[in-house]
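Chain residues, written in single-letter form:
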Amino acid sequence: MSTLDIFFQQLANGLILGSFYSMVALGYTMVYGIIKLLNFAHGDIYMVGGFVGLITLSLLSPFLGAGWAGILVAMIISMILVGLLGVLIQRIAYVPMLSAPRLSILITALAVSMVLYNFVMSMTSGEYKAFPVDLGYEGLEFGNVFITYTQIILVSSTATLMLVLHFFISKTMYGKAMRAIAIDQDACRLMGINVKTIIAMTFFVGSALACAAGVMAGVYYGSIHFFMGFLIGLKAFTAAVIGGIGSIPGAVLGGLILGLLEAFGTQLPFIGSEWKDVFAFAILILLLLFKPTGLLGKTEIERM
Amino acid sequence: MLEKNKIKLNNIYALLVVVVLAMPLVANNYVLNTFSDVWFYVIVCLGLNIVVGYAGLLDLGYAAFFAVGAYTTAILTTTFDMNFWLTIPFAMLFAGISGVIIGGPTLRLRSDYLAIVTLGFGEIVRLTARNLEITGGSSGIYGIERPFFFGIEMNGSIHFYYAFLMLAFLAIFVSFRLQYSRLGRAWQYVREDEDAAEAMGINRVRVKLSAYVIGAVFGGVAGSFFAVKMTAISPETFMFTQSILILLGVVIGGMGKIPGVICGAFILVLFPEIFRFVGDMRLLAFAVIMLIIMLKRPQGLWPSRLG
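Residues numbered from 1 in each chain as written. Chains lettered and ligands numbered in written order. Predicted model: local features only at pLDDT ≥ 70, side-chain atom pairs only at ≥ 80, totals over all residues.

## Side note on the overall build of chain A
- What chain A contains, in helices and strands, is eleven helices and four strands.
- Rg of the C-alpha trace for chain A: 19 Å, near the compact-globule value of 19 Å for 304 residues, within the 12% margin.
- Over its C-alpha atoms, taken along the principal directions, chain A stretches across nearly 60 × 50 × 40 Å.
- Classification of the 304 residues of chain A by burial places 47% in the buried group.
- Long-range contacts, defined here as pairs at least 24 residues apart, represent 76% of the contacts in chain A between residues at least 6 apart. (Helix = DSSP H or I, 4+ residues; strand = E, 2+ residues; numbered from the N terminus. Rg over C-alpha atoms; globule rule 2.2 N^0.38 Å. Buried ≥ 20, exposed ≤ 12 C-beta atoms within 10 Å, placed from the backbone. Contact = placed C-beta atoms within 7 Å.)

The following block contains the structure:
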């Protein structure tokens with residue numbers, strides 16, 4: 001393969017990886033933007049999403065087959081279910097803690113993450129579960145660069161979901177309310193916005209997106225396991241920080257940048273694929289040192 | 001009345017000390033090993049307590065410091081044939097340095113960013129240990145020799161029981177002295193209100209950094225003893241779950257309260273031993289308990305009046 005071919009192949013790989021990161025990062029950034037909570041459990045919601053998708057898909061495949069139609073229906077059903085799970089978690093664990101000190105709510109989020117993670121671990125006895133899809137390996141060939149149809153469909157569906165989200169946030173009343181709450185909760189309450197409902201809705205949307213990413217990861221990699229949420233949670237957070245936490249276009253941009261950096265990073269001399277994760281965390285630490293507000297974030301003055 | 005209670009409490013503490021010192025006379029190897037683990041977790045939980053409990057900084061990568069200590073001792077005793085006791089200062093030094101490396105640049109960050117950065121740091125240390133040649137790659141380092149203590153080879157459960165017990169006493173003593181020192185009060189001030197503390201002339205970055213370094217040194221020492229007790233270490237010993245387990249000990253008992261943290265370490269080790277029949281659900285039960293504690297008693301199980 002020539003250098004140019006490697007470049008395009010890594011570009012494609014990076015975009016796919018990056019679109020997964022972006023989807024998960026969106027949930028982080030939305031929740032952070034609205035209630036300033038770093039939802040540690042978000043990576044595990046992605047993982048649970050993958051498993052819910054697996055279950056619905058196995059239930060549906062006798063009727064719809066293991067092709068794209070089945071995947072689409074299963075994904076929509078599991079997005080709704082996991083979105084509700086997100087709302088449930090918020091009601092049980094986060095609402096009572098909103099006035100507590102920062103440290104307590106962070107540890108609560110961590111505990112939620114442990115509950116989800118250990119629950120799935122004991123249910124699956126820690127094994128990899130194969131995703132029951134049959135999509136073949138056909139694809140488009142550009143010279144030596146090969147891109148499967150699965151990859152193309154996955155990237156375009158993440159793009160569609162992001163456009164829908166963008167429309168939801170910028171054009172609907174609910175989206176407007178979300179943006180208003182992120183600025184001033186008390187003023188919103190005075191203006192007659194039902195803050196509680198809107199916060200719950202944010203959790204719903206964020207969790208549903210993470211679930212979609214989880215299902216897509218299952219389709220793409222062919223198998224899922226209980227540990228898959230940990231690393232992607234960490235990296236999606238990195239992506240959200242790169243873009244500027246709280247900023248929705250920032251989360252998408254950050255996810256794509258991180259995915260591309262990782263794909264190209266493995267091609268650098270001295271940085272083999274075993275150093276890939278070290279590379280991503282090193283980027284996070286360096287970024288927080290030099291530009292903690294991220295690329296599209298606003299400088300924030302902490303309240304006294 | 002209060003004075004009388006205090007005397008009573010001191011008597012109870014004295015009795016407990018006698019019990020733990022005399023325990024090897026009656027206990028079997030299983031009990032001794034379990035309690036060596038308890039003392040080990042007392043040390044690391046007290047170390048993390050300095051960072052999380054006193055200074056109020058959430059550290060999710062504490063196992064990294066413990067790994068640095070363990071690997072320092074393991075490498076120095078196997079590759080460089082160094083005496084175990086001489087490696088302890090190096091373990092402390094390297095753990096302290098890693099505390100500065102991670103703390104120095106990141107302590108200016110907000111608390112939730114700090115949590116994620118420490119988590120990332122913990123993973124970097126583990127992955128580095130897995131990828132480097134000198135740390136033995138993914139199989140780790142084995143055949144670490146047992147040390148001699150005044151001519152006695154430390155090879156029985158009883159030796160390590162006393163070694164970890166003495167270290168735990170030392171850790172408790174140091175924690176007590178630190179708690180009411182000038183630095184300890186500064187930590188608590190910074191934890192309660194950073195801006196007010198800074199206005200009163202406390203250098204918050206330096207104060208936080210010292211919490212990091214001292215906490216790291218606790219972990220480093222515990223790590224080097226851990227390495228010689230186990231005689232083999234591998235990167236998987238220092239997974240994220242290890243950091244979380246240590247944090248759990250601190251939070252369950254009550255952050256910032258020394259008796260509470262000791263209780264937390266006891267629960268951490270004894271709960272899984274007693275509830276062996278729960279099997280795979282053990283960690284799930286643990287996670288649920290932690291969630292309930294955070295929601296119902298965010299200050300931990302130990303009552304604050306006694307702490």
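This is not the end of the story, as more comes after the structure.
## Some points on the pairing of strand 3 (residues 145-148) of chain A
All names here are of chain A.
- For strand 2 (residues 139-142) and strand 3, the ladder comprises four bridges, and the chain directions are antiparallel. Residue pairing across strands places G139 opposite T148, the latter belonging to strand 3.
- Where strand 2 folds back on strand 3, the antiparallel hairpin that results is connected by two residues, among which G143 adopts a positive phi of roughly 65°. (Pairing = 2+ DSSP bridges.)

## Concerning the packing of helix 1 (residues 3-35) of chain A against helix 5 (residues 149-171) of chain A
All names here are of chain A.
- Two numbers describe how helix 1 lies on helix 5: the axes approach to 10 Å, and their chain directions differ by 35°. Helix 5 is crossed by helix 1, and the crossing has left-handed handedness. Residues A12, L15, I16, S19, S22, M23 and L26 of helix 1 lie in contact with helix 5, whose contacting residues are Q151, L154, V155, T158 and L165.
- For the contact of helix 1 with helix 5, a count of residues per class yields eight nonpolar, four polar and no charged. (Axes fitted to C-alpha atoms, helices over the stretch in contact; angles between N-to-C directions. Left-handed = near helix turned anticlockwise from the far one by under 90°. Nonpolar A, V, L, I, M, F, W, Y, C, P; charged D, E, K, R; others polar.)

## Digging into the interface of chain A and chain B
- Every contact between the two is made by 33 residues of chain A and, on the other side, 33 residues of chain B.
- Elements supplying a minimum of two residues to the side of chain A that touches chain B: helix 4 (102-124), helix 9 (228-243) and helix 11 (276-290) of chain A.
- Of all the elements, helix 4 of chain A adds the most residues to the side of chain A that touches chain B, at 13 residues.

## Focus: helix 5 of chain A
- Taking 1.5 Å per residue as the helical rise, helix 5 of chain A with its 23 residues ought to reach 33 Å, and the 32 Å between its terminal C-alpha atoms agrees with that figure.
- Listed in full, the buried residues belonging to helix 5 of chain A are L154, T158, L161, M162 and L165 of chain A. (Expected span 1.5 Å × (residues − 1).)

## Focus: the nonpolar core
- Counting residues in hydrophobic clusters, the biggest one holds 198 residues, and the most contacted among them are V24 and A212 of chain A together with V42 and M290 of chain B.
- At 15 residues, helix 2 (residues 29-54) of chain B tops the list of elements feeding residues into this core.
- In this view, M290 of chain B contacts A111 and M114 of chain A together with L248, V251 and I252 of chain B; residues no more than four positions away in its chain are not counted. (Core = buried A, V, L, I, M, F, W, Y, C linked by C-beta atoms within 7 Å.)

## Describing helix 2 (residues 42-64) of chain A
- In helix 2 of chain A, a bend of some 35° at S58 of chain A exceeds every other bend along the element, and P62 of chain A, a proline, comes one to four places later.
- Positive phi appears at G65 of chain A, one or two residues downstream of helix 2 of chain A, with a value of about 80°. (Bend = angle between axes of the 7 residues up to and from the residue.)

## Here's the deal with unusual backbone geometry
- Positive phi outside glycine occurs at K36 of chain A, with the angle close to 55°.
- Locating K36 of chain A in the fold gives a position in the loop between helix 1 and helix 2.
- In this structure, T231 of chain B takes a positive phi of about 60° despite not being glycine.
- Counting through the fold element by element, T231 of chain B comes out in the loop between helix 9 (204-230) and strand 4 (232-233).
- The partly exposed category is assigned to T231 of chain B, around which 14 C-beta atoms lie within 10 Å.

## Side note on the packing of helix 3 (residues 68-94) of chain A against helix 8 (residues 195-221) of chain A
All names here are of chain A.
- Axis separation between helix 3 and helix 8 bottoms out at 7 Å; the angle between their running directions is 140°. Judged by the angle between their axes, helix 3 and helix 8 are oblique. In this structure, helix 3 meets helix 8 at a crossing whose hand is right-handed. The segment helix 3 lies against helix 8, with I71, M75, S78, M79, V82, G83, L85, G86, V87 and Q90 engaging A200, F203, F204, G206, S207, A208, C211, A212, V215 and V219.
- Residues belonging to the contact of helix 3 with helix 8 are distributed by class as follows: 14 nonpolar, six polar and no charged. (Parallel < 35°, antiparallel > 145°, perpendicular 65-115°, else oblique.)

Structural measurements only, silent on function.
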